[in-house]
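Close look at the chain arrangement
Listed here are the chains, written in short residue letters.
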Amino acid sequence: MYVDRNFTVGKVSDMLFGSFIEHLGRAVYTGIYEPGHPEANERGFRKDVIDLIRELNVSIVRYPGGNFVSGYNWEDGVGPMDKRPKKLDLAWRSLEPNEFGTNEFIEWCKLVGAEPRMSINLGTRGIDEARNFVEYCNHPAGSYYSDLRRNHGYEKPHSIKVWCLGNEMDGPWQIGHKTAKEYARLAEETAKVMKIVDPGIELVACGSSNWHMPTFGEWEATVLEHTYDYVEYVSLHTYYDNVEDDIENFLAKSLDMDSYIKSTIAICDYIKGCKKSNKTIDISFDEWNVWFHSREKDKEVAPWTIAPPLLEDIYTFEDALLVGLMLITLLKHANRVKIACLAQLVNVIAPIMTRKGGGAWRQTIFYPFMHASNYGRGVVLQPIISTDTYDTKDFSAVPYLDAIPVFNDEKDEITVFAVNRAQSKMDLECELRGFEGYSVLEHIVLENSDLKAVNTETNPFNVKPHSGGGARIEGDKVSAELSPLSWNVIRLGKG
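Reference entry: report on the structure contained in this document. All of these numbers come straight from a predicted model, not from anything done at the bench. (Residues numbered from 1 in each chain as written. Predicted model: local features only at pLDDT ≥ 70, side-chain atom pairs only at ≥ 80, totals over all residues. Heavy atoms only, no water.)

Things to note about the sheet that holds strand β23 (residues 477-482)
Across a sheet, paired strands are connected by hydrogen bonds in the backbone, their directions being either parallel or antiparallel. Reading across the sheet, the four strands line up as β1-β20-β23-β22 and stay open at both edges, with mixed pairing between neighbours. On the outer flanks of this sheet lie β1 (2-4) and β22 (472-474), each paired with one strand and no other. The sheet shows a mean angle of 25° between the axes of neighbouring strands, direction not considered. Bridging between β22 and β23 involves three bridges; their strand directions are antiparallel. Bridging across to β23, Arg472 finds its partner in Ser479. (Pairing = 2+ DSSP bridges. Helix = DSSP H or I, 4+ residues; strand = E, 2+ residues; numbered from the N terminus. Axes fitted to C-alpha atoms, helices over the stretch in contact; angles between N-to-C directions.)

What follows is the structure in structure tokens.
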């Protein structure tokens, strides 16, 4: 790998290391919020979970959905707790008690050190609900909804900057599913009124639910034709699985993510050209993860209960490798992917698991995200990589080595994130140009002889990283032996 200080991709946005909390399964109730738990604070927030989220250094959290938001009335989740209604959540066939709502979410975000990111309901509701919601959250005082917030005990505005214009509105499964033209017109008019209430907010228009949807491309173009002047981002969602138990094909799926990003950027820039605009639309990768383990088990869950165990995937070591590859892919596009949310954060396809009344522990996918979030901030450098490749059922010319370097000018550190897709050891040589006087601070390795190894409450460190990697530097060359099928974080510092 060749790295030159003068050749960069772009600055990493802090919002690239976001996550997602939806009123789905046990993400909220018995996840981040469990009054009466031994670790709960006076507001019912689990402190053991807060500590783990702080380790992840999550920058922004999307809320309250997801599919849930398309049937949600935000007014149900504010005000006196004893007056909040229990409602049927049609998206996940659950009973929503509304004990946790907007103001609780804002308080919790402050505790975990993350910025709040709010979604609005463009399924069953629309313009009127959106303008009132922004007024409630962001207007200082003197109007009905801002004074309502103050009456609820929140004198200062929440100042939520990023707002999503609905969720997956192209999906037939979505409550209030719309055609591209129907959604585009609603999103355009909703965006207008939201920015009248607060001109400083940033808006995310719904892109396709995934790029294999039959309307992908046409959907994005239609939506952006209407909303281009009023939004800053278009959303992408993707999940991958290994149902065929083919490790080589599974680890190649980050190439699909890369193509998805490139295709969406091309559509954004096509509309930019058509409009002769100086404005560039960036990417918000709202949802991304591995998801498939819980599908059969979810069919057994009884409907209309509070916080049923849904989408509780137990992640393996091989899942952590793909999550690492997906993080590398996001960093490769740091010039255009400005927001990304690992979906989700606790219990529901999540890096953190809890037991009701019990403990909290890190899943295997916790570690690559933690490393990227803590060491991947700065400027992404453009590498030239020479590596052998392989072919799979779905992909050709898959590189055995996937890697990306990030330079943190403030700390004067370079971090190389690398995944060895090969089932044998790999010798990595990295030539650094323009970086003199650096030494190896640490070589972190996540490896395991069992691809299906998992972490549990009773064995929480079955899969965990170590700092025993042997990376070394001589002059301007870094050499390292990468273990078979491994995630590597090579940290270099000055002096």
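Okay, back to it.
A few points about the side chain of Ser59
Here Ser59 lies in the loop between α1 (47-56) and β4 (60-63). Those residues in contact with Ser59, other than ones at most four positions away along the chain, are Asp14, Met15, Leu16, Phe17, Gly18, Ala114, Glu115 and Arg377. (Contact = heavy atoms within 4.5 Å.)

Things to note about the environment of Asn347
Tracing the sequence through the fold places Asn347 in the loop between β12 (337-342) and β13 (352-354). The exposure class of Asn347 is buried, given its relative accessible area of 0%. Residues Asn347 and Asp14, spaced 333 residues apart in sequence, show a C-alpha to C-alpha distance of 24 Å. Setting aside residues no more than four positions away along its own chain, Asn347 makes contact with Arg26, Ala27, Thr30, Gly31, Leu311, Glu312, Ile352, Met353 and Thr354. Here the side chain of Asn347 touches Thr354 through a polar contact of 2.8 Å, landing on its backbone nitrogen. (Buried < 20%, exposed > 50% of the residue type's maximum accessible area, 1.4 Å probe, protein only. Polar contact = N/O pair within 3.5 Å; in protein donor to acceptor, adjacent residues only side chain to side chain.)

Quick notes on the state of the cysteines
The full count for this structure, using the stated rule, is zero disulfides. In this model Cys206 remains outside any disulfide bridge; the closest cysteine sulfur is found in Cys164, 7.6 Å from its own. Owing to a relative accessible area of 3%, Cys206 belongs among the buried residues under this scheme. The thiol of Cys268 is unpaired, and the distance to the nearest cysteine sulfur, on Cys274, comes to 12 Å. You can call Cys268 buried: its relative accessible area is 1%. (Disulfide = S-S within 2.5 Å.)

What to know about the pattern of salt bridges
Tallying each qualifying case throughout the model produces 39 salt bridges. When the shortest N-O distance is used, the salt bridge between Arg84 and Glu104 registers 2.9 Å. Taken together, the positions of Arg84 in the loop between β4 and β5 (87-89) and Glu104 in helix α2 (residues 102-112) put the pair 20 residues apart, joining distant regions of the chain. We classify Glu104 as buried; its relative accessible area is 3%. Where Arg295 meets Asp241, a salt bridge forms, and the shortest distance between an N and an O atom there is 3.7 Å. Of the two residues, Arg295 sits in helix α9 (residues 295-298) while Asp241 sits in the loop between β10 (233-240) and α7 (247-251), which places them 54 residues apart along the sequence. One continuous salt-bridge network, built from bridges that share partners, spans Arg43, Arg84, Glu104 and Glu107. (Salt bridge = Lys/Arg side-chain N within 4 Å of Asp/Glu carboxyl O.)

Some remarks on the packing of helix α10 (residues 317-332) against helix α11 (residues 366-375)
Angle between the axes and distance between the axes are the two parameters that describe a pair of packed helices. At a minimum axis separation of 8 Å, α10 and α11 run at an interaxial angle of 25°. With respect to α11, the axis of α10 lies roughly parallel. Handedness of the α10/α11 crossing: right-handed. Seen from α10, the contacting residues are Ala320, Val323, Gly324 and Leu327; seen from α11, they are Pro368, Phe369 and Ala372. A class-by-class count of the residues in the contact of α10 with α11 yields six nonpolar, one polar and no charged. (Parallel < 35°, antiparallel > 145°, perpendicular 65-115°, else oblique. Left-handed = near helix turned anticlockwise from the far one by under 90°. Nonpolar A, V, L, I, M, F, W, Y, C, P; charged D, E, K, R; others polar.)

Topic: the sheet that holds strand β9 (residues 202-205)
If you walk around this closed barrel you meet the eight strands as β3-β4-β7-β8-β9-β10-β11-β12, and the pairing is parallel. Recorded for the sheet is a direction-independent mean angle of 30° between the axes of neighbouring strands. With respect to the sheet, helix α8 (residues 254-275) is in contact with β10, β11 (282-290) and β12, its orientation differing from that of β10 by roughly 160°. α10 contacts β10, β11 and β12 of the sheet and is inclined by roughly 175° relative to β11.

Section: the pairing of β11
Taking burial as the measure, the nine residues of β11 include nine buried ones, the bulk of the element. Sheet topology places β10 next to β11; seven bridges connect them, and they run parallel. Residue pairing in the sheet places Thr238 in a bridge with Trp288 of β11. As paired elements, β11 and β12 share four bridges and run parallel to each other. When the sheet's bridge partners are listed, Trp288 is paired in β12 with Leu342.

Points about the packing of aromatic side chains
Tallied over the full model, the rule gives 25 aromatic pairs. With 4.8 Å between their ring centres and 5° between their planes, Trp74 and Phe133 make a pair best called stacked. Of this pair, Trp74 sits in the loop between β4 and β5 while Phe133 sits in helix α3 (residues 127-138), placing them 59 residues apart in sequence. Each member of the pair, Trp74 together with Phe133, is buried. Look at Tyr260 and Phe285: their rings are 5.8 Å apart centre to centre, the planes differ by 85°, and that puts the pair in the edge-to-face class. With Tyr260 in helix α8 and Phe285 in strand β11, this residue pair connects regions lying 25 residues apart in the sequence. (Phe/Tyr/Trp six-rings, centres within 6.5 Å; stacked < 30°, edge-to-face > 60°.)

A short note on the side chain of Glu442
Note that Glu442 resides in strand β21 (residues 438-446). Polar contacts involving the side chain of Glu442 include one to the side chain of Ser467, which spans 2.7 Å. Looking at Glu442, its side chain comes within polar contact range of the side chain of Arg491, at 2.8 Å. Leave out the neighbours within four places in its chain, and Glu442 touches Tyr375, Ser467, Val489, Ile490 and Arg491.

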